[in-house]
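In case you want the letters, here they are:
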Amino acid sequence: VTISFKYKEELDKLDCECPPLTKYKTVIRDCFRWVYEDINHTNNFLPVKIINSNRTSPDCEGYCSLYTLSFFKTLANAEDRYRSLAGKYAKFPERYGNSIAQGRLFERDGLANDPSENGHFELHEFENVSFNGRFTIIKKIKL
Amino acid sequence: VISQLRKIQGINIPNLPFQLERVGDLLFFDWPLITIYISTDNFIYIKSILEEGDDVIRCAIFKTDKHLIKSYIDGEVPYVEVLTNPQDGLYFIEDVYSDGTTLITIIAGYALDKEYIPQIQSFVDKDDSRDFPTIISTLHLDQIDTSEAFNILEEAQRAKSDLINLHFSSANNVVGYGKMQSQVFGEALISYHKLSEVTAVSIYNKPKIDIDEEKLTIKEIKRLAVSEYSYSKAASFSVFLKPIKVVIDNDGESSTEKIQSSIFSLFEIGDDFNELKKHPEFSVDVLGAYSSFLKVVSDNDIKVDVRYANVVERRSYFNSFNKSKSEKIIKVLAETKFTDAVLKTYEGAFAGTSSRKKIFEFVTTNGEVFEGKFAASLTDQIYKYPLNHPYRVDISTRQEESTGKKSIKQHIVISVKDIEN
């Protein structure tokens, strides 16, 4: 079976290996993601580059990340990082939502890297993956 | 979905008035949200994302200072302190549209929309960026002496001028980060200016010292002490002043250096009454102005670090005053009433000297006898003056009226010239 990434066309244009296959693997993992209060918001499961094409990065590795979805290993990880970022970018909630949703990733969803120390990890989605209806909002964040 | 950005009012300009080279990201999440740049003239700028529309990204570009960056990276200040303290009080708001159009608007620091200022304090997170090592090495943050708020010589070189810096801080609400109560700021600046002015007069308003063989008028002398506001820094509250007129004397010494080094040598004396007595060059007016400056520090319970850098000689001076130190010095100045020193030249010979005690006895050709001390500038040369050898000496004499003590005359040898040579 040939698998392909959802944003293959864009990833293929990059000069670096994207995603780097030594770091990204298929996973089965419970996880948390920031979403808008409306779980059906169109931007809830879109990579930042797709939401706003102006977003850019100075190096290829960073540019590659623009096509990923961000997740956290625990609820506390997701909430802590949210507060940290909202204290540095006041409009952050407008662009990333104000709620945390919980769900599970499967091997068929894509390739993910290992969580960093603060629990953050990224997922390069495979083609035709959809998260609609698979995540449930469990917390609204109040700053 | 957001399609419109908030309206801002400012001055539109076609391009940024400086060129920037990227150093590294202070915050990367999905993409760079806060990035450090360095300009071709070596200033540090931050580009901080403020808002995103559907087809536009707005960021603030502002000048910052490496000490503040270090404090942020060291976890000492939250990011909001960095964002709200542009070094020159300006933001360049850059709107970049997806069609490639870029709009740049200059706004004053106070005019940054409150919606763009984070409402919670957030300190650095080590996962914010992988560029911290690059930022630290490129900006030499690891070489910053945290006991010094900045390097005054570097500042003077950048300003291409001698600089005087008054750096204020306080534990009360008189001084905050980048803020200072205006009346205290005004009092401090005026009192320091007055100290510079009377020092200039005491140095230059003497028949002996000519500039280009032409004596300066009092008005011209006072002009030598005038400085103009150059810029301020948000590091507690720091103000930089640069001289507007400088004259160079026959020894190649600038008037600013002369005035400021004299002030700093007065600062060096601290509350040492005996040391103060050895310096007749400080007139009653200078001591009075010094006392007034210290009173501003003491009354407002602030700390003032004073710096001066001579950009040509690459020399700098530093001293610091807080409430308790100022009060001690004020007390010493108040207890002792000096009259202004009278400087006269005499011919004669030393009848006795002591290198250890730094004292002398001089007998003039008219038989007049003076006993006193050598000026600090001569103390390492006393052994060179043989007794009973003809000399022409400048002796400064002043009346000292200590509280509750009998008035006495102080004699200090200021200069010694060998008549035979």
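Residues numbered from 1 in each chain as written. Chains lettered and ligands numbered in written order. Predicted model: local features only at pLDDT ≥ 70, side-chain atom pairs only at ≥ 80, totals over all residues. Heavy atoms only, no water.

**A few points about the packing of aromatic side chains**
Residues and elements named next belong to chain A. Tallied over the entire structure, the rule returns 41 aromatic pairs over all chains. Ring plane angle 80 degrees and centroid distance 5.8 Å describe the contact between Phe131 and Phe135, whose orientation is recorded as edge-to-face. Owing to a relative accessible area of 5%, Phe135 belongs among the buried residues under this scheme. It is Arg33 that lies over the ring of Phe71; its NZ or CZ is 5.7 Å from the centre. (Phe/Tyr/Trp six-rings, centres within 6.5 Å; stacked < 30°, edge-to-face > 60°. Buried < 20%, exposed > 50% of the residue type's maximum accessible area, 1.4 Å probe, protein only. Lys NZ or Arg CZ within 6 Å of the ring centre and 35° of its normal.)

**Quick look at the environment of Ala76(A)**
Residues and elements named next belong to chain A. Positionally, Ala76 belongs in helix α4 (residues 75-86). What makes Ala76 partly exposed here is its relative accessible area of 44%. For the pair Ala76 and Asn118, spaced 42 residues apart in sequence, the C-alpha to C-alpha distance is 9.4 Å. (Helix = DSSP H or I, 4+ residues; strand = E, 2+ residues; numbered from the N terminus.)

**Brief notes about the state of the cysteines**
One covalent bond between the sulfur atoms of two cysteine residues makes up a disulfide. Residue and element names in this part refer to chain A. One pass over the structure, following the stated rule, counts two disulfides over all chains. A sulfur-sulfur separation of 1.9 Å characterises the disulfide bridge that pairs Cys16 with Cys60. Here the disulfide of Cys16 and Cys60 is left-handed, its torsion about the S-S bond being about -85 degrees. Here Cys16, found in the loop between α1 (8-12) and β1 (29-35), pairs with Cys60, found in helix α3 (residues 60-65); they are 44 residues apart in sequence, far enough to count as distant. Disulfide pairing places Cys18 opposite Cys64 at an S-S distance of 1.9 Å. (Disulfide = S-S within 2.5 Å.)

**Let's talk about the packing of helix α5 (residues 182-204) of chain B against helix α7 (residues 255-269) of chain B**
Residues and elements named next belong to chain B. Relative to each other, α5 and α7 sit at 110 degrees, their axes nearing to 9 Å. The angle between α5 and α7 places the two elements in the roughly perpendicular class. Contacts from Tyr192, Leu195, Ser196, Thr199, Ala200, Ile203 and Tyr204 of α5 reach α7 at Ser255, Lys258, Ile259, Gln260, Ser262, Ile263, Phe264 and Phe267. Across the contact of α5 with α7, the residue classes break down as nine nonpolar, five polar and one charged. (Axes fitted to C-alpha atoms, helices over the stretch in contact; angles between N-to-C directions. Parallel < 35°, antiparallel > 145°, perpendicular 65-115°, else oblique. Contact = heavy atoms within 4.5 Å. Nonpolar A, V, L, I, M, F, W, Y, C, P; charged D, E, K, R; others polar.)

**As for the pairing of strand β4 (residues 44-52) of chain B**
Residue and element names in this part refer to chain B. Where burial is concerned, most of β4 is hidden: eight out of the nine residues are buried. Judged from the five bridges that link them, strand β3 (residues 31-39) and β4 form a sheet pairing that is antiparallel. Looking at β4, one finds that Tyr37 is bridged to Tyr45. Here β3 folds back onto β4 in antiparallel fashion, the turn holding four residues, of which Asn42 has a positive phi close to 75 degrees. When β4 meets strand β5 (residues 56-64), the two strands line up antiparallel, connected through eight bridges. What sits directly across from Glu51, in β5, is Arg58. (Pairing = 2+ DSSP bridges.)

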